Amino acid sequence: MCIFAPMKTNVNLKSYNSFGFDAVAKFFIEINDIQQLEALIQSDIFRNEKRLILSGGNNILFQDDFFDGLVVFINTKGIEILQDDENEVVVRAQAGEDWPDFVRFTVGKGLHGLENLAHIPGKVGAAPVQNIGAYGMELKDSFLRCEAIETATGRKRVFTKEECRFGYRESVFKNELKGQYIITSVDFHLQKDAPLHLEYGNIKAYLEQNGIENPDLQQLHDTICAIRDAKLPDVKQIGSCGSFFKNPVVEKGQFEALQKEYPTMPHYDEPNGKVKIPAGWLIEHCGPSTSSGTASWKGWRDEHVGVYEKQALVLVHYGGGKGRDIVALARKIQDSVEAKFSIRISPEVNFV
Ligand code: EPU
């Protein structure tokens with residue numbers, strides 16, 4: 001059996017990035033099993049070329065039209081129940097499994113832990129890299145461990161939760177160990193019975209509006225899917241990467257000064273005494289300068305790119321644009337937020 005996956009050249013990555021930008025990869029390889037990845041790591045092309053490990057492409061912005069190197073697309077599949085105790089179940093998913101399908105699978109089995117992370121576009125292997133989060137929960141809450149391969153040696157390593165050093169949209173894989181490991185599978189620690197987390201944002205309001213009094217696990221999952229569908233663009237229709245910026249965390253003193261001037265500014269107290277402010281609110285409350293004053297960025301559009309009309313944290317590509325159009329728009333938004341609120345918001349999306 002040949003363990004080498006076929007290497008392709010000059011591959012357009014448009015369908016591999018959710019912004020839908022045309023970017024051509026000099027070399028491209030799709031990995032369907034771990035042996036293929038192990039063989040690739042030992043190859044000259046892997047060692048000598050600039051590399052990009054591509055998962056779902058849901059958090060990536062290609063700034064240029066050409067990627068002068070090797071793109072490794074991880075598409076390994078498989079879900080296994082590793083342990084099934086009275087109330088706890090450990091489930092392993094291979095890195096290339098689709099995240100929303102995996103969450104649906106666990107919910108369908110009656111397992112609690114991932115339901116609030118329903119419908120987040122992407123793949124399992126990328127989820128720990130930025131510790132995906134939504135509706136009051138984060139991946140780290142159910143994460144047990146992951147297996148990864150070191151790119152320099154091809155050696156396997158298991159990372160515990162502590163070793164991943166998770167933070168808000170952060171992990172060791174985005175920081176100290178950036179580019180040094182490829183996550184191959186993730187193990188989750190799920191419960192057969194657990195309280196549902198309904199506190200965040202408009203979950204309760206949605207349930208009430210739909211006459212659901214005591215939601216079960218499946219109903220909560222479906223509610224989250226519906227809320228996301230109503231607020232976030234469908235990437236099959238409009239290119240986007242979900243939230244483009246992180247919500248900034250500021251010192252309490254800075255927040256209190258801002259609150260005096262903007263009493264309606266939403267905010268969340270952080271455990272360390274700091275305050276998180278929704279970037280979507282900041283972006284909505286400033287905008288491009290126009291002759292008739294300053295409009296809001298929310299819903300703003302410049303031919304090919306813009307700010308989503310229902311959620312200002314989401315930058316969108318309507319088609320025909322370039323990654324650099326988004327980069328330019330993002331800079332303008334950062335500058336205007338900083339000019340008005342003295343806060344520099346930073347991107348959540350990875351620039352390539
Ligand atoms: N807001 C506005 N205007 C906007 C958007 C938001 O005023 O255009 C205000 C809302 O009124 C609300 C607050 O900002 O008071 C928070 O808004 P929302 O609940 O929509 O959440 P978010 O902070 O904007 C975060 C995550 C999302 C996640 C939602 C729900 C980040 C960077 N984003 O957004 O994650 O789905 O919470 O939990 O933390 C993603 O990472 O790609 C993503 C979509």
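Here the structure is shown first, and the text comes after it.
Right, let's walk through the structure included here. (Residues numbered from 1 in each chain as written. Predicted model: local features only at pLDDT ≥ 70, side-chain atom pairs only at ≥ 80, totals over all residues. Heavy atoms only, no water.)

### Considering the site of the ligand
Rule in force here: Any residue with at least one heavy atom within 4 Å of a molecule or strand is counted as near it. Under this definition, polar contacts are N or O atom pairs within 3.5 Å; protein pairs additionally need one hydrogen-donor-capable and one acceptor-capable atom, and for neighbouring residues in sequence, both atoms have to be side-chain atoms. Note on areas: these come from Shrake-Rupley sampling with a 1.4 Å probe, and a residue is covered only by the protein chains present in the view. In this text, helices come from DSSP runs of H or I with a minimum length of four residues, and strands from runs of E with a minimum of two, each type numbered from the N-terminal end. Under the scheme applied here, ten amino acids are nonpolar (Ala, Val, Leu, Ile, Met, Phe, Trp, Tyr, Cys and Pro), four are charged (Asp, Glu, Lys and Arg), and all others, including Gly, are polar.
Neighbouring residues of the ligand: 24 residues in total, closest Tyr135, Tyr168, Asn247, Glu284 and Ala312. At a separation of 2.7 Å, an oxygen atom of the ligand approaches a polar side-chain atom of Tyr168. In the model, an oxygen atom of the ligand is placed 3.1 Å from a nitrogen or oxygen of the Tyr200 side chain. Considering the ligand on its own, with 810 Å² of exposed area, one finds that the protein chains cover 83% of that surface. Of all the elements in the fold, those that place two or more residues in the shell around the ligand are strand E8 (133–134), helix H6 (217–231), strand E13 (239–243) and helix H8 (279–284). If one sorts the elements of the shell around the ligand by residue count, H8 sits on top with three residues. Here the residues of the shell around the ligand are counted per class, giving eleven nonpolar, six polar and seven charged.

### Observations regarding the side chain of Gln311
The condition is simple: Type-normalised accessible area, obtained with a 1.4 Å probe on protein chains alone, sets the label of each residue: buried when under 20%, exposed when over 50%, and partly exposed for intermediate values. Any pair of residues with heavy atoms lying within 4.5 Å of one another is described as a contacting pair.
Relative to the assigned elements, Gln311 resides in the loop between strand E20 (305–307) and strand E21 (314–317). The exposure class assigned to Gln311 is buried, which follows from its relative accessible area of 19%. Not counting the four nearest positions on each side in its chain, Gln311 is found in contact with Lys231, Leu232, Gly280 and Lys298.

### Details of the sheet that holds strand E14 (residues 249–250)
Inclusion rule: A pair of strands is treated as paired once DSSP finds two or more bridges between them.
In space, the three strands of this open sheet follow the order E14-E16-E15, with antiparallel pairing throughout. For this open sheet the edge positions go to E14 and strand E15 (268–269), each flanked by a neighbour on one side alone. Sheet analysis places E15 next to strand E16 (residues 275–276), joined by two bridges and oriented antiparallel. Across the sheet, residue Asp269 finds its bridge partner in E16, namely Val275.

### With respect to helix H1 (residues 34–41)
Those residues of H1 that sit buried are Gln36, Leu37, Ala39, Leu40 and Ile41. Elements that come into contact with the buried residues of H1 comprise strand E1 (7–12), strand E2 (24–31), helix H2 (44–48), strand E5 (66–74), strand E10 (143–150) and strand E12 (181–191). The backbone nitrogen of Gln35 lies 3.1 Å from a side-chain oxygen of the residue at the head of H1, namely Asp33.

### Topic: unusual backbone geometry
Phi angles above zero are rare outside glycine, and Asn10 is one such case at about 50°. Owing to a relative accessible area of 54%, Asn10 belongs among the exposed residues under this scheme. A positive phi is found at Glu303, a non-glycine position, where the angle reads about 55°. Positionally, Glu303 belongs in the loop between strand E19 (301–302) and E20. For Glu303, a relative accessible area of 58% puts it in the exposed group.

### What to know about the packing of aromatic side chains
The condition that has to hold: For Phe, Tyr and Trp, where Trp contributes only its six-membered ring, two rings pair if their centres lie within 6.5 Å, and the inter-plane angle classes them as stacked under 30 degrees, edge-to-face over 60, or tilted in between. Should the NZ of a Lys or the CZ of an Arg lie within 6 Å of a ring centre and within 35 degrees of the ring normal, that charge is described as sitting over the ring.
By the definition in use, this model includes 18 aromatic pairs. A ring pair is formed by Phe143 and Phe166, whose centres lie 5.0 Å apart and whose planes are at 80°; its orientation type is edge-to-face. Placement of Phe143 in strand E10 and of Phe166 in the loop between helix H4 (161–164) and E12 is noted, with a sequence separation of 23 residues between them. Phe143 gets classed as buried once you look at its relative accessible area, which sits at 3%. Using a relative accessible area of 15% as the deciding quantity, one classes Phe166 as buried. Joined through ring pairs, the aromatic side chains of Phe19, Phe21, Phe244, Phe245 and Phe351 make up one cluster. Its end group placed over the ring of Phe46, Arg51 keeps NZ or CZ at 4.2 Å from the ring centre. Taking NZ or CZ as reference, Lys276 lies 3.4 Å from the ring centre of Tyr168, over its face.

### Here's the deal with the sheet that holds E2
Stated formally: Axis geometry follows a simple rule: fit a line to the C-alpha atoms, using only the stretch in contact for helices, then measure angles between N-to-C directions, giving values from 0 to 180 degrees.
Pairing is mixed across the open sheet formed by four strands, whose spatial order is E1-E2-E5-E3. Either end of the sheet is taken by a strand with one partner, and the two such strands are E1 and strand E3 (51–54). Mean inter-strand twist for the sheet, computed between neighbouring axes without regard to direction, equals 35°. Bridge count between E2 and E5: seven bridges; the pairing is parallel. Note on E5: the bridge partner recorded for Phe27 is Leu70. Here H1 sits on the sheet and contacts E1, E2 and E5; the angle it forms with E2, its principal contact strand, is near 135°.

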